[in-house]
Amino acid sequence: MKHLAKHAKFFLIGVYFGVVLIKAEVISWFRIQEMFHFQSIHMYGVLATAIAVGVASVIVIRISGLRAAGGAPIDLKPKPFNRVGNVAGGLIFGFGWALTGACPGPLYALLGAGYAVIALVIASALLGVVTYGVLRPRLPH
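What you see is a predicted model, and the numbers here were worked out from it, not measured in a lab. (Residues numbered from 1 in each chain as written. Predicted model: local features only at pLDDT ≥ 70, side-chain atom pairs only at ≥ 80, totals over all residues. Heavy atoms only, no water.)

Moving on: the overall build of the protein chain. Counting secondary structure elements, the protein chain contains 6 helices and 0 strands. Counted from the first residue to the last, the protein chain has its helices and strands arranged as α-α-α-α-α-α. Counting only C-alpha atoms, the protein chain reaches 45 × 40 × 35 Å along its principal axes. Scored against the burial criterion, the 141 residues of the protein chain give a buried share of 13%. Considering only residue pairs separated by 6 or more positions, the protein chain has 31% of its internal contacts joining residues 24 or more positions apart. (Helix = DSSP H or I, 4+ residues; strand = E, 2+ residues; numbered from the N terminus. Buried < 20%, exposed > 50% of the residue type's maximum accessible area, 1.4 Å probe, protein only. Contact = heavy atoms within 4.5 Å.)

This next bit is on the pattern of salt bridges. Pairs may arise between side chains of opposite charge once their charged atoms sit close together. Counted under the stated rule, the structure contains 3 salt bridges. Here Glu25 makes a salt bridge to Arg31, at a shortest N to O gap of 2.7 Å. By relative accessible area, Glu25 is classed as partly exposed at 34%. Between Asp75 and Lys77 there is a salt bridge, with its nearest N and O atoms 3.5 Å apart. Here the two residues Asp75 and Lys77 agree in accessibility, since each one is exposed. Taken together, the shared-partner salt bridges in this structure form one network comprising Glu25, Arg31 and Glu34. (Salt bridge = Lys/Arg side-chain N within 4 Å of Asp/Glu carboxyl O.)

For the rest of this paragraph, the subject is the environment of Ile32. Its place among the elements puts Ile32 in helix α2 (residues 29-36). Here Ile32 falls in the buried class, since its relative accessible area comes to 2%. Expressed as a C-alpha distance, the spacing of Ile32 and Trp97, which sit 65 residues apart in the sequence, is 9.6 Å. Once residues lying within four places of it in the same chain are set aside, the contact partners of Ile32 are Val26, Met43, Trp97, Gly101 and Ala102.

We now examine the nonpolar core. Counting residues in hydrophobic clusters, the biggest one holds 14 residues, and the most contacted among them are Leu21, Ile27, Met43, Leu107, Leu110 and Ile118. Secondary-structure elements contributing two or more residues to this core are α2, α5 (107-112) and α6 (118-135). The contact partners of Ile118, leaving out residues within four places of it in the chain, are Leu107, Leu110 and Leu111. (Core = buried A, V, L, I, M, F, W, Y, C linked by side-chain atoms within 4.5 Å.)

In structure tokens, the structure reads:
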């Protein structure tokens, strides 16, 4: 029980983030379609804001020397570009987004909003992660 209480704050942060995604219409299939058809700047603004927050966060981590919760230094090394892996991964990600109408981030918010069919998408995504884990040693990296 103590373990659950210790992690309750992370659950509450996740619930809050899900509410923000819903209220910002980021999980809206119509907003995503508007983006792909270049009919609205809404989603591009959301994505640009996420990129700006990510860049600012990395700068703060590097300048301040923040450490992980266990005290270990946070080492942010750039990953090398892998033509085959990046292209294949991007295509799989894009096809999944096109088929489901949602990127992986808001899947749990969609489930929480009552779209039960998204449980199948989440299960498929988890199956994809497990499949990658099994095939990883045989894939070009």
